[in-house]
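Here's the letter readout for the chains.
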Amino acid sequence: TQLLEQSPQFLSIQEGENLTVYCNSSSVFSSLQWYRQEPGEGPVLLVTVVTGGEVKKLKRLTFQFGDARKDSSLHITAAQPGDTGLYLCAAKMNTGFQKLVFGTGTRLLVSP
Amino acid sequence: EADIYQTPRYLVIGTGKKITLECSQTMGHDKMYWYQQDPGMELHLIHYSYGVNSTEKGDLSSESTVSRIRTEHFPLTLESARPSHTSQYLCASSAIDSGYEQYFGPGTRLTVT
């Protein structure tokens, strides 16, 4: 059973389009992070959300944490080819160790 | 900018060979992790460490072993490589008060023939 489900699994769009990807769970998390991974590289942290209902913006990227802290979304405005990559959400498990569980990932391809 | 390094970046090796994947970080982070990832798929935690002389197995069973003799160094060893070990191996670290944010190395892509 996958703790964090991401949708869609794959998204192919044209430059300039808007898109939203989702990260859903039946569990409540104290915090959630979004990473972007380019082919052949390790994931790079984009943002951490902590408070239910929190919205954070990073240039053209908008991140939202659900009110119940069970889900999150990432919205990209006017996508660019440089946004291409694998987007992973990750949440902290409620254990004594700082262990993250990663989502299934959304692979985004933005064509010129 | 995160300073975490992995070597080699790519490795092709025959079945039965012993290999060690290196991971080093210069940020003084206490916690370090090893993940296994198939291309384009999710990450699976295989080992982690609280600090020096601490190692724990992760969620995904792995035949590899790790050691943590120095804070900055967290190597992963496979005593006898098999084709089923072919994957990408990612090392990460985090600070004790970072808010659980992890910094990743570039990964080692391992192919066992």
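Numbers given for residues are sequential positions, taken from 1 along each chain in its written order. For naming, the first written chain is A and the first written ligand is 1, with later ones following in the order written. Reporting of local features is limited, given that this is a predicted model, to residues whose pLDDT is at least 70; pairs of side-chain atoms are given and counted only at 80 or more, and all residues count toward the totals for whole chains, interfaces and linings. Water and hydrogen atoms were dropped before computing side-chain values, which therefore reflect all heavy atoms in the structure.

Asker: Talk me through the pattern of salt bridges; I want residue IDs and the actual numbers.
Answerer: All names here are of chain B. Salt bridge, as used here: a side-chain nitrogen of Lys or Arg that lies within 4 Å of a carboxyl oxygen of Asp or Glu. Using the criterion set out here, one finds 6 salt bridges over all chains in the structure. When the shortest N-O distance is used, the salt bridge between Glu 79 and Lys 18 registers 3.9 Å. Separated by 61 residues along the polypeptide, Glu 79 in the loop between β8 (76-78) and β9 (87-94) and Lys 18 in the loop between β2 (10-13) and β3 (19-25) bring together distant segments of the chain. Three exposure classes are used, based on accessible area relative to the maximum for each residue type with a 1.4 Å probe and protein chains only: buried under 20%, partly exposed in between, and exposed over 50%. Among the residues examined, Lys 18 registers a relative accessible area of 54% and is labelled exposed. Here Glu 63 makes a salt bridge to Arg 82, at a shortest N to O gap of 2.7 Å. A run of H or I in DSSP counts as a helix once it spans at least four residues, and a run of E counts as a strand once it spans at least two, with each numbered from the N terminus.

Asker: Now, about the interface of chain B and chain A: what can you tell me, with residues and values included?
Answerer: Residues are treated as being in contact if the distance between any of their heavy atoms lies within 4.5 Å. Facing 27 residues of chain B, the contacting portion of chain A comprises 22 residues. Note on chain B versus chain A: buried area summed over both sides is about 2,000 Å², and carbon and sulfur give 54% of it. Interface area lost by chain B to chain A is led by Glu 42, Tyr 100 and Phe 104 of chain B, which between them contribute 29%. Seen at the junction of chain B and chain A, the total is 1 salt bridge. Among the salt bridges present, the one from Arg 9 of chain B reaches Glu 41 of chain A, with a minimum N-O distance of 3.6 Å. The term polar contact refers here to a pair of N or O atoms within 3.5 Å; inside protein, the definition further demands a hydrogen-donor-capable atom paired with an acceptor-capable atom, and it admits residues adjacent in sequence only when both atoms are side-chain atoms. Put simply, chain B and chain A have 4 residue pairs in polar contact (both at pLDDT 80 or more) between them. When residues of the side of chain B that touches chain A are traced back to their parent elements, those giving at least two are β4 (31-37), β5 (43-49) and β9 of chain B. Buried area: the accessible area, evaluated with a 1.4 Å probe, that two parts lose upon being put together, summed over both parts.

Asker: Report on the sheet that holds β3 of chain B, specifying residues and quantitative values.
Answerer: Residue and element names in this part refer to chain B. Strands pair, by our definition, only if DSSP identifies at least two bridges between them. Read from one edge of the open sheet, 4 strands run β1-β3-β8-β7, paired in antiparallel fashion. Only two strands of the sheet have a single neighbouring strand rather than two, namely β1 (4-7) and β7 (65-66). Note that β7 and β8 share 2 bridges and pair antiparallel. By the bridge assignment for β8, Val 66 is matched with Leu 76.

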